[in-house]
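Report on the structure
These are the residues of each chain, in order.
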Amino acid sequence: MTWTIVRKEILANLLSYKFYVVILLAAVLVATSFFIMTRDYKERLADYSLIRPKPGEPIAVNPPNPLSIFAKGLDEAMARSFEVGPTGISVRAGQKSGNTVFAFFPTPDFLYIVRVVLSLVALLFGFDQVSREKEAGTLRQMLANQTSRSAILIGKWAGNFLSLAVPFLLVTTLGIAVLGLDPDIRFSSDQVLRLGLILALTLVYIAFFLSLGILVSALTRRASSSLVILLFVWALLVFVLPNLGTLVARQMVDVPSVRALSEKRQQVWTREVLLRIRGVGDWASHIKTISAENDALEADYRVKFDRLVNLSKNINRISPVASFVYAATEIAGTGIGEEGAYKSEVGRYKNAVLGKRLASPDLKSSDYPAFLYRYRPLGRVLVRGALFDTAWLAVCGILFFALSYFVFVRYDVR
Amino acid sequence: MIRTIVRKEILGNILSFRFVVTLALLLVVVPVTTFVLTNDYLKKVADASLRQSEIETYLRSYGHFNRIGNILKAAEPPIPFNTLVRGLSADVNMAEFDDDPLPVMFPLVDLVFVVAILMSLVALIFAYDAVSGEKEDGTLKLMLANGLARPKVVLAKVAGGAVTLLVPFLMSLIVGLLVILVHPGVDWKAADWGALGLITLGTVLYVMLFYALGVFISARHHASSASIMTSLLVWVLLVLVVPSLSPYIASFLSPTPSRIQVEREAERLGDTERDDLGRKLEAERMRELVARYPVLNERLSEADQKRLMVRDPAARAAFEAATKAKQGAWDEANRVQGDKIDAVRRAAAQKEEAQTELARTISMVSPLSVFTYLATDLSSTGLRDEAYFGRISGVWDREFWDYARKKIADLQAKDPATDWWNTAIDMSDRPRFEYREEALGGRVQAALPGFVLLLGYGLVFFVLAYVSFLKYDVR
């Protein structure tokens, strides 16, 4: 019986105005986003080939991550070029463009399209599942037969999920296949796996919003009020909560501003240089002092900053949308955790370069070790939070579905 | 009659479920946002003053002209309006190793965000069934069966709807402002209140525009379920998609070399190409000189050269001419390449500016962008303020270096051999950079096209709604 309802739902969707509008919108947006982000990635790749260090240069650069086409996250920050000098790490090539309009609006990557548009689409598929059929009177007729309420609910959920997920997956896979034809973009097998996980995560995300839609639909008598509630809930979950959480966390954790930190560094460096000019101590010992003090400042900042990040992550997780973003960016290797790991690696590289510098008599060398960053393996990424976020998203989805079952069982279909 | 319908619209809205939800949502979100932003602002003020005192300490110990380049920089302090609008200051600092990546993941909420995203959505939620819903209920037929002109109905609907929308917004804004006013640390000036008034006016235009759009869409559909779909589709495109795409479309239409490419090109021009040119010019000039002074052709060691110069005035003249020619050749090379580098940088900056302008223009297809620019420009947190800050910090920079030159001249007057570059100097009388927001007049001038554009969009949508409603089949 469930299967009949699934079929009925899919057919009803295929014949509806909503379906075409929504699927067309999603397809156009996904295609546009792929096109734009691929261009952006290629431009960054071209820049990388310019700033790539020559052998022996003490410069740390990470090539842009091809998965940033899907989830850009912090990739631009991670693809900057850091030069290790006698006094510490400085940014050699940072910002790509002076076009400030980029700073005003969010990046339209695949993640953004899914996070904002697809969630809305899923709600539009779910919002009238119960209330509309009640208004139309078909719910009564269905239940007058031998169909159980659970079969109806499961059938509705599965039918709508399939009619949303299948076209979406088709469009996305097609887009990815076109990307695969591009000779400049190469995905390693690990990255293909990660991409598959991101797509799977997207499905969990859609399922979450669909369940939410059905739940509210079962809680209301009229489809229009169900839609109004859902739009408000959606705006809260997608826009307000995750964005406000970071600000709230800042109220609770004191983190020095980045500028203050760099001024402190400047102070250390000037003090040591002047001591050296006055003839106190030798260069090597001053460099060691500068490095040690900078490391202490850095460590202090990191501790506080990590506390801020963890707190704001946890506050933001009230909205499963934030969990989705965290999990997707971490899996793509462009998330906050990866960026932290990358920074520590650059820090280690700085110490290696410094060691080499101090070992040579004139404190210079033309043969510094090369910098190579290996992304954290997928297993560690999953254990360090991505799995938790996915599970949280899934649990919320299941919870909403279970709740909609309880509500629907008691639903007055007359 | 119009007043009756306006009253009916207002009452109908106020009694509706969506009004209650909107009011509750805004009454929570706006005050919480202002509360959090106010605390954030106070924290930033504390951080800025702490940094200022650190800088003073630094200057007392290390006030050498060689050591202050990275410390004495013009910095934009937090401004009182940051308690409502964050603007571009939320931008991420990419120039330092330690950056703060949190805002990249989730842009932070402020009043502009609340209006631009939430209020536009709310306006469409209120308007989507203004026509199609009444048709479904059958009340539209009844209304028009009386001697009621259609223009009056549509006018009253837009007016009544917009009024009911603004009530929850203004209420929440007032509560938010109370939060700000209660804080003793925040000092709002008259100009800030003026700017807030104008931003509120912009909000009114923005909300009415979306309401008119919603009525237009509603009058194009016969079922409210279809009109909400179209409304949401249009909203997603106008509010979420167009602004985000615009800078990318602009970079496609008007490409600029990346900053990295420009810097590499400048390095090449100033390094290898300059050396080549210098060598070439040197060789050319030396050829002429060698023809005139054959002595230059002899390969002499430096000591021999010196001896010869003492002995023979003609040789002396030759060698001096050679040194001068070489110096001249390299000066020339430096000048030529320097001009080229300037030209490359200027061209890149011009292209960047053109691209930014294009992106801005494209994004203005969306009322969200128009409102965002308007509100950030008025609150001096936007693009205009960035340019303004660049100008005033340039003025301060020149002032400071005039001061520095005077100090150096004083030092040299006392002791010509002094190493002024590395000598500690009392800089307590230096000209200090004080950021003063641009006068409101200039900001208003910048925001004027935005107002006109919002009004224009509103009128277009209203006319469309009007025409569609005149032709609407109410049966």
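On a predicted model such as this, the values are computed, not experimentally measured, just so you know. (Residues numbered from 1 in each chain as written. Chains lettered and ligands numbered in written order. Predicted model: local features only at pLDDT ≥ 70, side-chain atom pairs only at ≥ 80, totals over all residues.)

**Re the overall build of chain A**
The condition that has to hold: Strands are runs of DSSP state E lasting at least 2 residues, helices are runs of H or I lasting at least 4, and numbering of each runs from the N terminus. With C-beta atoms placed from the backbone, a residue is labelled by how many other C-beta atoms lie within 10 Å of its own: buried for 20 or more, exposed for 12 or fewer, partly exposed between the two. In this description, any two residues whose backbone-derived C-beta atoms lie within 7 Å of each other are considered to be in contact.
Helix and strand counts for chain A come out as 15 helices and 3 strands. Each principal axis of the C-alpha distribution contributes one length, and for chain A these read about 95 × 50 × 40 Å. Residues classed as buried in chain A amount to 48% of the 414 residues present. Of the contacts made within chain A by residues no fewer than 6 positions apart, 83% connect residues no fewer than 24 positions apart.

**A word on the overall build of chain B**
How we decide: When we talk radius of gyration, it's over C-alpha atoms, and the globule rule is simply 2.2 Å times the number of residues to the 0.38.
Within chain B one finds 16 helices and 0 strands. At 33 Å, chain B has a C-alpha radius of gyration far larger than the 23 Å of a compact globule built from 475 residues. Restricting to contacts in chain B with at least 6 residues of sequence separation, those with at least 24 account for 87%.

**A closer look at the interface of chain A and chain B**
What counts here: For this classification, the nonpolar set comprises Ala, Val, Leu, Ile, Met, Phe, Trp, Tyr, Cys and Pro, the charged set comprises Asp, Glu, Lys and Arg, and every other residue, Gly included, is treated as polar.
At the junction of the two partners, chain A supplies 78 residues and chain B supplies 76 residues. Elements with a contribution of two residues or more to the side of chain A that touches chain B: α2 (17-51), β3 (88-93), α4 (101-104), α5 (110-126), α10 (223-252), α11 (258-277), α12 (283-316) and α14 (336-359) of chain A. The element that contributes the greatest number of residues to the side of chain A that touches chain B is α10 of chain A, accounting for 19 residues. Residue classes in the side of chain A that touches chain B are distributed as 46 nonpolar, 21 polar and 11 charged.

**Observations regarding the nonpolar core**
Going by this rule: Buried Ala, Val, Leu, Ile, Met, Phe, Trp, Tyr and Cys residues form a nonpolar core when they are connected through C-beta atoms within 7 Å.
One finds V117 of chain A together with Y211, A212 and V215 of chain B to be the most contacted residues of the largest nonpolar core, which totals 199 residues. Setting aside chain neighbours within four positions, we find Y211 of chain B in contact with A123, F126, A127, V158, G161, A162 and L165 of chain B. Among the nonpolar cores identified, the runner-up in size contains 7 residues, and V101, F102 and F104 of chain A together with I362 of chain B belong to it.

**Considerations on the domain arrangement of chain B**
Interface size is commonly expressed as the accessible surface area that is lost when the partners come together. Which entries qualify depends on this criterion: Throughout the structure description, domain borders are defined by an automatic or database domain assignment.
Per the domain assignment, the segments making up chain B are domain 1 (2-93 + 101-254 + 364-470) and domain 2 (259-358). Between the C-alpha centres of domain 1 of chain B and domain 2 of chain B the distance comes to 53 Å.

**Overview of the packing of α2 of chain A against helix α10 (residues 259-270) of chain B**
This is how the line gets drawn: Note on geometry: axes are lines fitted to C-alpha atoms, helical ones only across the stretch in contact, with angles between N-to-C directions running from 0 to 180 degrees. Any angle that is under 35 degrees is reported as roughly parallel, and any over 145 degrees as roughly antiparallel; angles of 65 to 115 degrees are reported as roughly perpendicular and all others as oblique. Helix crossings fall into two classes, left-handed where the near helix is turned counterclockwise from the far one by less than a right angle and right-handed where it is turned clockwise.
It is the contact of α2 of chain A with α10 of chain B, at a shortest axis distance of 9 Å, that shows an interaxial angle of 30 degrees. Taken together, the axes of α2 of chain A and α10 of chain B are roughly parallel relative to one another. The way α2 of chain A lies across α10 of chain B gives a crossing that is left-handed. Contacts between α2 of chain A and α10 of chain B involve D47, L50 and I51 of chain A from the first element and I260, Q261 and R264 of chain B from the second. Of the residues belonging to the contact of α2 of chain A with α10 of chain B, the class tally is 3 nonpolar, 1 polar and 2 charged.

**A closer look at unusual backbone geometry**
A negative phi angle characterises most non-glycine residues, just as the trans form characterises most peptide bonds. All names here are of chain B. With a phi angle near 45 degrees, S380 is a residue other than glycine that sits in the positive phi range. Within the fold, S380 resides in the loop between α14 (367-378) and α15 (383-414). With 29 C-beta atoms counted inside 10 Å, the residue S380 sits in the buried group.

**Regarding the environment of M105 of chain B**
With respect to the secondary-structure elements, M105 of chain B resides in helix α3 (residues 102-105). Spatially, the C-alpha atom of M105 of chain B lies 75 Å from that of P313 of chain B, the residues being 208 residues apart in sequence. The residues touching M105 of chain B, leaving out its near neighbours within four places in the chain, are G73, V325 and I336 of chain A.

**Some words on the packing of helix α2 (residues 17-62) of chain B against helix α4 (residues 111-127) of chain B**
Residue and element names in this part refer to chain B. At their nearest, the axes of α2 and α4 sit 12 Å apart, and the two run at 180 degrees to each other. It follows that α2 is roughly antiparallel to α4 by the angle criterion. Contact with α2, carried on its side by R18, T22, V29, V30 and T33, involves L111, V114, V122, I125 and F126 of α4 and no other residues of that element. Grouping the amino acids of the contact of α2 with α4 by side-chain chemistry returns 7 nonpolar, 2 polar and 1 charged.

**With respect to the environment of P58 of chain A**
Residues and elements named next belong to chain A. Its place among the elements puts P58 in the loop between α2 and β1 (59-61). The sequence separation of P58 and A352 amounts to 294 residues, and the corresponding C-alpha distance is 9.7 Å. With residues up to four places along the chain from it excluded, the contact list for P58 reads E83, V84, V353 and Y368.

**Observations concerning the confidence of the model for chain B**
Worth spelling out the cut-off: A residue's pLDDT is simply how confident the predictor is in it, with values from 0 to 100.
Averaged over every residue, the pLDDT of chain B is 87; residues scoring 70 or more account for 99%. The ipTM, which scores confidence in the relative placement of chains, is 0.89 for this predicted complex, and the corresponding pTM is 0.89.

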